[in-house]
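Below are the chains, spelled out letter by letter.
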Amino acid sequence: MEPPTRKFTAVADEYDDSSSEDSSSLELIEATGGLEDRIADFDEEETAAVVVDVSNQELPSSDQVEEQTIIHARAYQTEMFEESLKRNIIVAMDTGSGKTQVAVLRIQAELEKRSDKIIWFLAPTIPLCEQQFRVLKSQIRAIQIKMLSGSDGVDTWSDVRIWDDYLKNVRIVVSTHQVLLDAITHAFVPISRLSLIVFDEAHHCVGNHPGSKIMERYRMAKAYGMAYPAILGLTASPIMKSDPKGIDRLEQTLDAVCKSPNIHREELIAAVKRPSISSITLPPSEDDCVPTPAMLSLAKAFRSLNIYDDPYILYLQSEGTMKSLSKLQNALSKRDTYTTKQLQSLYRTSCALLKELGPWAADYYIYTSITRFFEADSEGPASWEAQSSMTSQEREYMAVALKKVNIQRPTPFEVTSTTGLSVKFIRLVQQLQSIPEGARCIVFVREVATVSVLGHMLSSTTSLQSRFRVGTVVGTSVYGKRKRELGDVNVARDGLDLEDFRSDKINLLLSTSVAEEGIDVPACNYVICFNAPDNVKSFIQRRGRARADNSKLILLLEESSDKIGMWMYFEQEMKKRYEDDMRVAQELAELENLGMDPAVEPLVIPSTGARLHFGQAKAHLQHFCSKTNRKQYIDSQPFYISRRVEPFPGDIPRFNATVYLPPSLPPPLRQVRGLQAWYSENNAFEDAAFQAFKAVYEAGLVNDHLMPLIDDILEGIETRSSIIEVDPTWTPWPDVARLWGRADDLIQREICLRDGSIIKAKFDATLPRLFPVIPPFDIYWDTQNTWKVEVSNESHSVTTSALKKDQSAALLDLAYSHRWPVENSAHVLHLQSDEDLTFRHHAGQRSVEGDTLDPNFLVRNRSGAPYVYIARLPSRPSLESTKKIERGLEDEPEDLPWLAVSTWQRRPRNLLCPLLGARPLEDGRYPRAIPLSQCTVDSIDRSKVDFGAIIPSILYMLGVYLIAEELRQSILAKARFSSLPLLVTAVSSRAAGLGTDYERLEFMGDSILKLAATLSVMIEHPNHPEGFLSACKDRIVSNSRLCRASVDQGLHRFILNERFRTKGWRPHYIKDLIAHEETPPPKKQISTKTLADVVESLIGAAFQEGGMSKALICMGIFLPEVKWYDLPRGHMLISNTKQIKPDLPPQYKVLEDLIGYEFRNKTLLLEAITHGSWNLYMSTESSMERLEFLGDAILDNVITTNLWNQKPVLKNHQMHLLRTATVNADLLGFLVMEWHIMQETTSISQDADHTTTVTQSPVFFWQFMRKGSAQLSAAQRAAEERHAAHRDTVLDAITRGKAYPWALLAHIAIPKFFSDMFEALLGAIWVDSGSLEACTAVVERVGITPYLRRILADDVAILHPKNTLGILAGSTPVRYETEWHGTEHACSVFVDDKFVVRVTGGVSREEVITKAADEACRVLGARDDDMMDEIMTG
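No experiment lies behind these values; they were computed from the predicted model shown.

Caption draft 1: Molecular detail of the overall build of the chain. Counting its secondary structure elements, the chain contains 52 helices and 39 strands. In the chain, once contacts between residues fewer than 6 apart in sequence are set aside, the share between residues at least 24 apart is 76%. A total accessible area of about 60,900 Å² is found for the chain, and carbon and sulfur atoms account for 50% of it.

Next up, the structure:
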């Protein structure tokens, strides 16, 4: 025969976690790139396959959640796990106590070893294999797990190549014992290839069981010095039959020691709820029941058969061989043919039903069986050949016999009298009637047929119909697939009734022994044994199903039965062999009652006098641990494990204890051992707690008052009011005024006023001190004219004697003398030019008569107000041709000449700000008219008047730069800023109206400060858990602290937060400034947020000018108490604290391909994917919390830098919105759930060629999370279902939508630990590489920056619906009223107390508010203007 072929296809595998295909071996294909690449990876077939198979992966019911909580009763669980690491053990714990979780912990520990060997999990039945497969898949997501069963055709795999293909990269296999035995027997899977074998329901492994045969191969490997696996057994009952010595045989078979929690037995007992046991006494059964007429007819028909006509007999006769003749003789002598067996079985089963349930049941069974036989026969050969093992000849032969049976349709059960029912059935119904409504119940029955008929009878019992919904379970999932035989009346539902029982759709389940062990059945209130358990094992396991509060186990027993006492006796004998703690329980209790005061010196803190006594340690430690980590799914409470200290002969055992502290603490603090051995276990616990508390104090996590340090940190976060009163902004002019009389070396620069390319005027400006370079600035003269003021970059040093006459007063007089008197006095800014410009010699000095008027020379009226000449008019213009004639001129002669003029400057205003409003329309009329007789003309051109008008603006801008210069030379001297314009921007608020403000710099500075503070607290506090670090960072970067830093340093005196006002402005005469120097200016009020923002703005400015080193200097100026580190040194110090691991466990190697980054130190990658619930108590590894804390700052910085560098430049509010949209946990969680790598998956065909098919399946980043919480696993599964249901819609919004999917993301409600894992990864990459560029590449790879680019390119609306609604509502208040209705949230929206909309169906409060705001925006946008006005204005 030709060897099997390998066929490779490009078919995308499905996402169903429960299918064995999904856990197939994986071969790396490629890691996905950005978001666009990942979306392209999913075609329509794959997208449809995202939906999770809910039937196989349901969410836990309340009872299942309760069981998971029991699993996490971790003291006894950890005790068993630790024992399993030391040697082979059989964990003997009650049903529902968490044996499987012990196995999960042991498997996870085995996977962490640098080995590619296989872990094999064995279970006795297919349903139990399927259940444990789901458990392992849910808790160990990224590991490749397969389940093997006969349905895979494994019995035909006759080539090592097939097994190698199937097991390629597989780390865990789940199967029945026979599958592994066959693989080992045929040398397809050598025993040396296994690292661990887990035997679930280990008590089966006795005698000739396949598990025993596997262990024979194990012992051979061990004897010959070959590699052999570790063994872990799980059982609730270590013996099968009523023989306690069975424990010894089981231990010998599995080369293991049977162990039950000894030290923490009480905790185990508290976790496992034992039912009360009672019995219902039945009268002794009669062996000879009177058959019904139908039964007698069936027996008669059987006896009438001529066996020589049996098709099997005829076949043997026709063969004529020696072998067939031997079989013929045997069949004739025993009447042993297939058809005779079927008829005999039908009769025997009817007899059993007659005895168990009564005559009606026997007749119903016979009628149903024969009726179904003929119904199948009537459907044709194709139908019954598919359903039955009989040949067509055998069916014809049997049909002849069955047609002779006289059967009648039974009376409907609802009207059947009790005479047709057994006493046993009646007692069962009476018991069920007494059970309270809402209870969950299992009835165990011995025979499959009894289950079916009893189920029908109970479902039809009128008194039970309103109370119970009945379902049945009769065997494995194979039951429904096997060939049906005569008498099979059970309707195969493929486990659906069991699923319905788990989900509480069914509350009365009838079952054979299949539900006794292993199968995940919720805790029940009542377990009823319709038939007595066959042995002590069955008794214990049935009792374990009744583990709800106040549950009951009820047995229907005959009067003569003494089985309960016998079972209880054998159970006690069994437990004596593996529980030895109870023999000293009384002595320990007596010791506890003595109230001994151990002679242990208290912990005393001299500086405060705080004192901790021995007996107080547990309570103090409990309080400390409660403060370390409050994240969901992480248990932060300490737990204690005690160990017996071997006593001297005749002495009472002593105890030494170890306390385990939260995994968020550093490894040396996670487990602390007591110093002494104690007679009292409680004292041992106190000793461990006492030593642990001293350790956390010495580590600096408890203050000198013996209180958790977090309290100090949180108290250190300052509070602030929104507005405070501070000294006014510093003004440079008094200092300049004083210097004019002292300085001889002066600084001179040229100031030029330009109108486009035309120079309107220029003057030399002189100051007696440093004259800063001022960049050009605009003068907004009116809506039509914008000029520019330029100050020369070159300066000249001049002496006082070299100065020309000061022309400042003359210029101011030209521009402002008509408004207020101008003195010819020395001004702080000395202005001079080569032109003759004398004080009061030019304004209105010429008569209009006889002169040719020129618009470049201003015309003035009698009060000296300047106007711009337009035209000479021969007479007074009409009111229709002139817009305005000044008041009082109405009586002027009409026949004399007038002038048409326009206003030179309407009123003093801030010329540094653009005029708002439209340009005035020209309508052909003159703006204004004045009698020529009242007009004069300036003797100097208008440009000098214009220059005089802008002197206040020049002085203001010069003052701004002098303020910045003073700031540079005083507070910021250490930072050595070179760019004065940058400093001006950094201290200018938008309110200053300078055309530049600090907001963009503050945006950058906030991110830089956050990153630097994060590094600082991580380095300075290497022992602090993440919660402590966050509080430390918040204390540094809080607005309150930055506000105080601003005030402490006097920065508030340099903040520009008020507009320049020309109203009330007066010239800066030197004499006035000196005269008023001693008068203190009034204080001003300023926003505390502004004070904090300017500190961050200066940090941002320092970063822009000199990178992180200058930013750190600036931080040191304002926050001197913090020790700052630059990025290279910070990277070195943090990375040096990490233990170096050059290799990864095999299952994580593909993760680096997915990330696109290869770690130098693999420890960092493992830490980044390790959740705080992972079992780290005995490990030197750390969980992700500290790296996530760092990664949060890294991600913020990466996105901030990206936004800062966008072209065209983004405004501050745009950057804030974009950063919020791209780094929020909802979007990041969604992208993390999308992030995957496509890998090859192998499967083996079931045809004769056993072809290997290779398909591609995605493996997701989040599935690599190492976690130890069943609740977290359930949360992952729930998020996976929501993600699958809404994935297409969200992806469409991300790739093509016009608006950001706020409501959709809120509806999916992806838990934060998804985004935390990614942030931890960024932190790990930076610690490993020291490169922000490497982190930026990963941010690109996960899809954040690609989506950011699309938002910018397509102008996606990113404003949150709540913000949009706020804008629509304007100044009117918006109110959200939320309600919880048991299964969903609802929200009503009111605008100005008027109802707008109500939305329901929210999975969370946040989601329903978002949806309601979005809907309210649509409602308001759709209403007519009148309604809008009513809502908005009331």
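Once you've had a look at it, read on.
Caption draft 2: Local environment of the packing of aromatic side chains. Within the structure shown, the criterion is met by 29 aromatic pairs. An angle of 15 degrees between the planes, with centres 5.0 Å apart, marks the rings of Phe-639 and Tyr-660 as stacked. Of this pair, Phe-639 sits in strand E18 (residues 639-645) while Tyr-660 sits in strand E19 (residues 654-660); the two residues are 21 residues apart in sequence, bridging distant segments of the chain. Note on accessibility: Phe-639 and Tyr-660 belong to one class, buried. Ring plane angle 45 degrees and centroid distance 4.3 Å describe the contact between Tyr-1300 and Trp-1302, whose orientation is recorded as tilted. Looking at Tyr-1300, the relative accessible area reads 5%, which means it is buried. Take Trp-1302: its relative accessible area is 13%, and that puts it in the buried class. One aromatic cluster is present, formed by Trp-157, Trp-163, Tyr-166 and Phe-188 through successive ring pairs. Taking NZ or CZ as reference, Arg-335 lies 5.6 Å from the ring centre of Phe-302, over its face.

Caption draft 3: Looking closely at the layout of surface pockets. Estimated volume of the largest pocket: approximately 1,400 Å³. What lines the largest pocket is a set of 39 residues, among which Thr-729, Trp-730, Thr-731, Trp-733 and Pro-734 lie closest to the centre. Of all the elements, helix H32 (residues 942-969) adds the most residues to the lining of the largest pocket, at six residues. Its residues assigned to classes, the lining of the largest pocket comprises 20 nonpolar, eight polar and 11 charged.

Caption draft 4: Here's a closer look at the side chain of Arg-1186. Structurally, Arg-1186 can be placed in helix H42 (residues 1185-1204). Buried and without a salt bridge, Arg-1186 has Glu-1167 as its closest oppositely charged side chain, separated by 6.0 Å. Of note is the side chain of Arg-1186, whose polar atom sits 3.0 Å from the backbone oxygen of His-1021. There is a polar contact of 2.7 Å between the side chain of Arg-1186 and the backbone oxygen of His-1024. In this structure, Arg-1186 is in contact with Met-1018, His-1021, Pro-1022, Asn-1023, His-1024, Glu-1026 and Leu-1029, ignoring residues within four places of it in sequence.

Caption draft 5: Main features of a nonpolar patch on the surface. Taken together, the side chains of Met-220, Tyr-224 and Met-226 define a hydrophobic patch exposed on the protein surface, amounting to about 370 Å² of accessible area. Residue placement: Met-220 occurs in helix H9 (residues 210-223).

Caption draft 6: Spatial organisation of a positive patch on the surface. On the surface, Arg-819, Lys-884, Arg-887, Arg-906 and Arg-907 cluster together to form a positively charged patch. Among the structural elements, Lys-884 can be located in the loop between strand E30 (866-873) and strand E31 (898-903). Using a relative accessible area of 42% as the deciding quantity, one classes Lys-884 as partly exposed.

Criteria and thresholds
Residues numbered from 1 in each chain as written. Predicted model: local features only at pLDDT ≥ 70, side-chain atom pairs only at ≥ 80, totals over all residues. Heavy atoms only, no water. Helix = DSSP H or I, 4+ residues; strand = E, 2+ residues; numbered from the N terminus. Contact = heavy atoms within 4.5 Å. Areas by Shrake-Rupley, 256 points an atom, 1.4 Å probe, with all protein chains shown as cover. Phe/Tyr/Trp six-rings, centres within 6.5 Å; stacked < 30°, edge-to-face > 60°. Buried < 20%, exposed > 50% of the residue type's maximum accessible area, 1.4 Å probe, protein only. Lys NZ or Arg CZ within 6 Å of the ring centre and 35° of its normal. 1 Å grid on protein atoms, 1.4 Å probe; cavity = no way out; pocket = protein on both sides within 12 Å on 5 of 7 lines; lining within 4 Å. Points joined across faces, edges and corners; volume = space filled by probe spheres on them. Nonpolar A, V, L, I, M, F, W, Y, C, P; charged D, E, K, R; others polar. Lys, Arg positive; Asp, Glu negative; His and termini not counted. Salt bridge = Lys/Arg side-chain N within 4 Å of Asp/Glu carboxyl O. Polar contact = N/O pair within 3.5 Å; in protein donor to acceptor, adjacent residues only side chain to side chain. Patch = residues over 30% accessible without salt bridge, like charges linked within 9 Å, V, L, I, M, F, W, Y side chains within 5 Å. Charge placed at Lys NZ, Arg CZ, Asp CG, Glu CD.

Note that all results are geometric; they support no functional claim without further evidence.
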